[in-house]
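# Observations on chain architecture
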Amino acid sequence: MGSHGEDVKGRVCVTGASGYLASWLIKRLLISGYHVIGTVRDPGNEKKVSHLWRLEGAKERLSLVRANLMEPGSFDTVVMGCEGVFHTASPVIKPTSDPKAEIIKPAVDGTLNVLRSCKKNPNLRRVVLTSSSSTTRIRDDIDPKVPVDESFWSSIELCEKLQLWYSLSKTLAEKAAWEFCNENPIDLVTVLPAFLIGPSLPPDLCSTASDVLGLLKGDTKDFKWHGRMGYVHIDDVALAHILVYEHEKAKGRYLLSSTVMDNNELVGFLLARYPSLPIPKGFEVLNRAQYDFDTSKIEGLGMKFKSMEEMFDDCVASLVDQGYLPSVYL
Ligand SMILES: NC(=O)c1ccc[n+]([C@@H]2O[C@H](COP(=O)([O-])OP(=O)(O)OC[C@H]3O[C@@H](n4cnc5c(N)ncnc54)[C@H](OP(=O)(O)O)[C@@H]3O)[C@@H](O)[C@H]2O)c1
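A brief structural summary. This is a predicted model, so every value here is computed, not measured.

## Looking at the site of the ligand
Looking at the ligand, there are 28 residues lining it, with G16, G19, Y20, S90 and C206 nearest. No other element matches helix α1 (residues 20–32), which puts 3 residues into the shell around the ligand. Of the residues contributing to the shell around the ligand, the split by class is 14 nonpolar, 11 polar and 3 charged.

## A short note on the pairing of strand β2 (residues 35–40)
Here β2 lies mainly inside the structure; 6 of its 6 residues are buried. The alternating pattern of β2 places H35, I37 and T39 on one face and V36, G38 and V40 on the opposite face, and all of these are buried. Alignment of strand β1 (residues 11–15) against β2, held across 5 bridges, turns out to be parallel. What sits directly across from R11, in β2, is H35. On the question of chirality, the crossover connecting β1 to the parallel β2 by way of α1 is right-handed.

## Comments concerning the packing of helix α5 (residues 99–119) against helix α7 (residues 165–183)
Contact geometry for α5 and α7: axes closest at 9 Å, N-to-C directions at 20 degrees. Between α5 and α7, the crossing angle belongs to the class labelled roughly parallel. Handedness of the α5/α7 crossing: right-handed. On α7, the residues that touch P99, I103, I104, A107, V108, T111, L112 and L115 of α5 are W165, Y166, L168, S169, K170, L172, A173, A176, A177, F180 and C181.

## Quick notes on the nonpolar core
Counting residues in each nonpolar core, the largest one holds 86 residues, and the members touching the most others are I26, V85 and L256. Setting aside its immediate chain neighbours within four residues, L256 contacts V191, L192, P193, A194, V232, D236, V237, A240, T295 and I298.

## Considerations on the sheet that holds strand β8 (residues 228–233)
An order of β7-β8-β10 is seen for the 3 strands of this open sheet, with the pairing classed as mixed. Looking at the sheet topology across the chains shown, the edges are occupied by β7 (195–197) and β10 (259–262). Across this sheet, the average inter-strand angle for adjacent strands is 40 degrees, counted without regard to direction. Bridging between β7 and β8 involves 3 bridges; their strand directions are parallel. By the bridge assignment for β8, L196 is matched with V232. Lying on the sheet, helix α12 (residues 308–321) is in contact with β7, β8 and β10; it crosses β8 at an angle near 70 degrees.

## Notes on the environment of E102
Assignment of secondary structure puts E102 in helix α5. For the pair E102 and P91, spaced 11 residues apart in the sequence, the C-alpha separation amounts to 7.5 Å. Setting aside anything within four residues of it in sequence, one finds E102 in contact with P91, I93 and T96.

## Quick notes on the sheet that holds strand β4 (residues 84–87)
The sheet built from 7 strands is open, its strands ordered β3-β2-β1-β4-β5-β6-β9 with parallel pairing. The open sheet has two edge strands with one neighbour each: β3 (62–66) and β9 (252–256). On average, adjacent strands in this sheet sit at an angle of 20 degrees to one another, irrespective of strand direction. In the packing of α5 onto the sheet, the strands contacted are β1, β4 and β5 (126–130), and the crossing angle to β4 comes to about 180 degrees.

About the thresholds
- Residues numbered from 1 in each chain as written.
- Predicted model: local features only at pLDDT ≥ 70, side-chain atom pairs only at ≥ 80, totals over all residues.
- Near = placed C-beta within 6 Å.
- Helix = DSSP H or I, 4+ residues; strand = E, 2+ residues; numbered from the N terminus.
- Nonpolar A, V, L, I, M, F, W, Y, C, P; charged D, E, K, R; others polar.
- Buried ≥ 20, exposed ≤ 12 C-beta atoms within 10 Å, placed from the backbone.
- Pairing = 2+ DSSP bridges.
- Right-handed = clockwise from strand over helix to strand, strands pointing away.
- Axes fitted to C-alpha atoms, helices over the stretch in contact; angles between N-to-C directions.
- Parallel < 35°, antiparallel > 145°, perpendicular 65-115°, else oblique.
- Left-handed = near helix turned anticlockwise from the far one by under 90°.
- Contact = placed C-beta atoms within 7 Å.
- Core = buried A, V, L, I, M, F, W, Y, C linked by C-beta atoms within 7 Å.

Interpretation in functional terms is not warranted from these geometric data alone.
Spelled out as structure tokens, the structure:
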């Protein structure tokens, strides 16, 4: 029995194990009783992996192995021993001088590299790919009266025109994954999370968690382009990965979002809830499409999303705990 009383479950692989989301997913998988093999680029990098070894059940049921998205065959051995693969690894970095090499190639080629390894394992039950809600909403024909759902795809041309390299990388990677799995016998399910909010298990904040810290400290730089954005608790996203992996009827794509807000609504909410934090008073209003997400598909599998209050309370508490915000803000 697992430490929470659950039966010990099968062996699954999580790519990019040391990341913000992957760490939380591993925490939830271990609690559920799974054996987890996490892939990291450098298992010897204590600073990046030590938080994983402190997770409940890690000593008994976690192993970490080296793999790199850009090395063909790098995932063959690790995937061979697993019933499930959660592919979360993908560059989540700011615009670079060479976005094709640094963001798009690792996302697309890396996803196909992992799927080629999956194809070699006849015992693989399902692959869950972490995509993004940004693969749906970047279009110039959004009708504010029609919520965005899983049938929407972002426009490649618009992503290129607006130089939204991360969104482009996720859209191309998910499309490539579907194409590959339609031609090969792999049971693929994709999850499309909105912007993740919540505690960071890695001590060094990832790109998006740093942006949130910046906003809470009064910086408008990283959020000003968001305009309108969906928000979702990191724990819900981890639980949704496991839900779609385990649920027999899970199929296709699943949007994950609790609440969609404009930047000005977001700072209004944050100012009211955390009056002592130096939250920016407002943002320049951008001429962006008004949209909402229709998340009824994942809710149909039993998912209930945590509120904005819960996600930001947990986030602020953890930032204080990790010393990123002074404790006067609790
Ligand atoms: N954060 C969000 O708001 C958000 C929203 C929707 C979807 N997502 C998706 O969630 C997933 C995880 O993102 P995150 O927010 O947790 O970011 P993160 O902490 O930066 O995690 C990204 C992971 O990808 C790994 N990676 C990048 N390039 C790699 C390569 N060439 N080979 C092997 N591993 C590589 C990184 O490994 P290193 O640690 O070695 O760099 C890291 O573990 C991504 O697929 C992202 O697109 C995130």
